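As a plain string of letters, each chain reads:
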Amino acid sequence: MKRFSLTLLGLFVILSVVLTACGSTPTATPAQQPVATEEAAQPTSPATQPSGGKQQVEVFSWWTGGGEAAGLEAMIKVFKAQYPDIEFINAAVAGGAGTNARAVLASRLQAGDPPDSWQGHAGQELIGTYVAGNQILPLNDLYESEGWLKVMPETLIPLISQDGKIYSVPVNIHRANVLWYNPKILKDHNINVPTTIDEWFAAMDALKAAGVTPLALGEQWTKMHLLETVLLGTLGPEAYNGLWSGKTDWGSPEVKVALENFAKLLTYANSDSASLSWQDASQLVVNGDAAFNVMGDWAEGYFRELGKTPQVDYGWAPVPGTSGTFQFLSDSFVLAAGAPHPDGAIAWLKVAGSKAGQEAFNPVKGSICARTDCDKSLFGEYLQSAMNDWATNTVVGSLTHGVVANDSWKSEIDTALGLFVQDGNVNNFQAALVAACKSSGPCK
Amino acid sequence: MIMRGEGTANKSPHPLKNWIQVLNMRKLIKDKDRVLSVLLVSPSILAVLIFIYVFIGWTVRVSLSKWKGLNPDYSWNGLTNYINLFSDPRFAVDIRNTVIFTGVFVVGSILLGFLLAVLLDQGLKGEGFFRSLFLFPMAISYIVTGVVWRWLMNPATGSRTSGFNLLFSYLHLDFLQNAWHTTPTWGIAAVALAAIWQMSGYTMALYLAGLRAIPHELREAAQIDGASEVQIYRFVVLPLLTPITLSALIILGHMSLKVFDLIIAIAGKQLPLDVPAIYMWQTTFDGLFYGRGAAISILLLISVAVLIIPYIVYTLKNESFK
């Protein structure tokens, strides 16, 4: 019996060693990467380069389909032309808007195996998560040496910085505060494109009376998208920015007015909003089933895919109350604190911020450059108008798309919004927003 | 065995040697067998130990911590995460939805499954065909079921009406048209319909096996005693099917507590159809509230355990009697 238990014990020890060794690898590296094991074996000190003399850079993103993947390929081509000696490893993980990719990234970072550079929504989504976790490095020197401060909007920089340090390189810019409308419906009912929230309400009252669905709305996140544009439209850019810096009181009467505007807007929306994706909702406008829709300007790429013509099948304007303001979101790249190949990462970031890189990526993806000096002739009619606004407007950040609030704060706001859509109680909603700012934002 | 061996040894010394040899051989073989069996089982035992029980322990620890954000933070937080959950209006929605979903799904699947099994048990032609037909939905993943039912339960009105609602309007049954999963409060029951469609075939298979196991003599005896068909089912068949019902209850019940993918496929992450598993995923991986997410997982685990453990104890007891 003794020998037997000894055997058993020995077996357990051996097996546990084997099992833990097997166990750690799959959690640390996604399956898509052929070089992952080689990388994991290398020490993560910044100066290390592969012994063969061949340099590498591993870039992590969720650009795996459609215009995004094509745009990334185009940008990789530019990179390979400029840095033929550096091997580019595309560590893209599939999944809409990066929810899968971010879970994979989080487990890699927790396992001490960061990619050299990764994609993230510019602003607090990156800063709140990765700066707080000491996972990424500031890039002020790169901005100085590459002259990016001169070619990117002045009001953009504070939104992608923390304590004066810039943390990411924005590659593309999308606009969140766009009101899409059906020109024919508006013309048939003699309605001008509204510029203030009150005009908008009046227009939608008229449409509702005429039996037209005034506003197309989709699932929960599109409601948050609507909320952020209404907050901006009601409060104006300065007070809106104050919401996120802690200067504007979430409990103030002005915020309450904004929330009541939002509640009123919901009454104009289609009844089946909870079952529609953003594509379904935007499509209602171009198909003539609804008059207005608030969605980011990626909707324009979708309209083109559907074979619709700008100004005929769809028109656009800033969301009422927000003209002169560009509510942006952006995909950007960071420099990992423990990057195995920091030189490669810097080279990649230089390409990502360059005119050539952004001109290669954006026309394909259907977004505009973060730089203001891109060649306009490469872009379509809508994007050209967006480029003009980007260069001249006040820039503020989007909530839904990660610019102004960290992940925790955003998820608390999302919960508050979901509960509000259920019960319609503005006072509870506002109280929950105040609590969210205290627990996860800058409010004290 | 050893006792008998010793008894033999006392009586006659000669066969003793043989006996001891035989015994040793047997013991050796038995030991070898045992070593081998332990050897074969130990990887899975170890894997279960590490990947289930150690991680449960770790999750309990995280649920008692203040961890929020990307970097682990194990600072002690006591039961705060749990206490907060019970005053969290979103968790209240989750509990409401879970109760509604479990009730509709379990009762619906058991009733429908039983009905199908009784019908199939009548000895109709092509029973095999129907059995596979009803069992097929179970072979489909919840995601696929969800996508199809999302389309069937389209709540759009007017010219965009489709799915069931359109069918009802063709059949002039317009009063049946409804908002399905977008109905306030009870929307989750519509999701349970899809789950019933998927799992009632499985319940049917359970009941059919149970029905087939009932000896024919019992029914005949009841018939001779003058029992009607209904009485036979009420007093003979149903009592004998109690263990089957219990199994079905446990299996369906724990599935419904853990439901996640079906809801995601039908409605995405939207609060009206929120359940604990979705809240856990969102708050942990989207909101980085690791402590809160761990607390939700542990509550989920406890709720499943409350259902499963008595069942396991009951089954083990019954088996050891046999």
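Remember, it's a predicted structure, so these values are computed and weren't measured experimentally.

What follows is about the overall build of chain B. Helix and strand counts for chain B stand at 14 helices and zero strands. Counting from the amino terminus, chain B carries its helices and strands in the arrangement α-α-α-α-α-α-α-α-α-α-α-α-α-α. Taking 20 Å as the expected radius of gyration for a compact globule of 322 residues, we find that chain B reaches 28 Å, considerably beyond that expectation. Structurally, chain B occupies a C-alpha span of about 100 × 70 × 30 Å along its principal axes. Looking at the 322 residues of chain B, the share that counts as buried comes to 40%. For chain B, the accessible surface area stands at approximately 18,200 Å², while carbon and sulfur atoms represent 71% of it.

As a further point, take the domain arrangement of chain B. Residues and elements named next belong to chain B. If you check the domain split of chain B, you get domain 1 (14-63) and domain 2 (83-321). The gap between the C-alpha centroids of domain 1 and domain 2 is 38 Å. Of the roughly 410 Å² buried where domain 1 meets domain 2, counting both sides, 88% is carbon and sulfur surface. If you sort the residues of domain 1 by the area they bury against domain 2, Thr-59, Val-62 and Ser-63 come out on top, with a joint share of 73%. Between domain 1 and domain 2 we count zero salt bridges in total. Where domain 1 touches domain 2, the interface holds zero residue pairs in polar contact (both at pLDDT 80 or more).

What follows deals with the interface of chain A and chain B. Tallying the contact residues gives 42 residues for chain A and 37 residues for chain B. At the boundary of chain A and chain B, one finds two salt bridges. A salt bridge links Asp-272 of chain A to Arg-160 of chain B, with the nearest nitrogen and oxygen atoms 3.2 Å apart. At the junction of chain A and chain B, the tally comes to twelve residue pairs in polar contact (both at pLDDT 80 or more). If one sorts the elements of the side of chain A that touches chain B by residue count, helix α17 (residues 407-423) of chain A sits on top with nine residues. Residue classes in the side of chain A that touches chain B are distributed as 15 nonpolar, 19 polar and eight charged.

Working definition of a disulfide: a covalent bond connecting the sulfur atoms of two cysteines. All names here are of chain A. Inspection of the entire model under this criterion finds two disulfides over all chains. Linked covalently through their sulfurs, Cys-369 and Cys-374 form a disulfide whose S-S length is 2.2 Å. Residues Cys-369 and Cys-374 are joined through a disulfide that is left-handed, its torsion about the S-S bond being -100°. Across the pair, Cys-374 and Cys-369 agree in class, each one buried. A disulfide bridge connects Cys-437 with Cys-443, and the sulfur atoms are separated by 1.8 Å. Taking the sign of the S-S torsion, about 70° here, the bridge from Cys-437 to Cys-443 comes out right-handed. For the pair shown, Cys-437 and Cys-443 are each scored as buried. Indicated for chain A is the disulfide connectivity 1-2, 3-4, based on numbering the bonded cysteines in sequence order.

Looking now at unusual backbone geometry. Residues and elements named next belong to chain B. Positive phi, close to 55°, is recorded for His-172, a residue that is not glycine. With respect to the secondary-structure elements, His-172 resides in the loop between α7 (164-170) and α8 (187-213). One non-glycine residue with positive phi stands out, namely Thr-185, at about 65°. Position of Thr-185 relative to the elements: it lies in the loop between α7 and α8. Overall, Thr-185 belongs to the partly exposed group, its relative accessible area being 37%.

Rules behind the numbers
- Residues numbered from 1 in each chain as written.
- Chains lettered and ligands numbered in written order.
- Predicted model: local features only at pLDDT ≥ 70, side-chain atom pairs only at ≥ 80, totals over all residues.
- Heavy atoms only, no water.
- Helix = DSSP H or I, 4+ residues; strand = E, 2+ residues; numbered from the N terminus.
- Rg over C-alpha atoms; globule rule 2.2 N^0.38 Å.
- Buried < 20%, exposed > 50% of the residue type's maximum accessible area, 1.4 Å probe, protein only.
- Areas by Shrake-Rupley, 256 points an atom, 1.4 Å probe, with all protein chains shown as cover.
- Domains from an automatic or database assignment.
- Buried area = accessible area lost by both parts, 1.4 Å probe.
- Salt bridge = Lys/Arg side-chain N within 4 Å of Asp/Glu carboxyl O.
- Polar contact = N/O pair within 3.5 Å; in protein donor to acceptor, adjacent residues only side chain to side chain.
- Contact = heavy atoms within 4.5 Å.
- Nonpolar A, V, L, I, M, F, W, Y, C, P; charged D, E, K, R; others polar.
- Disulfide = S-S within 2.5 Å.

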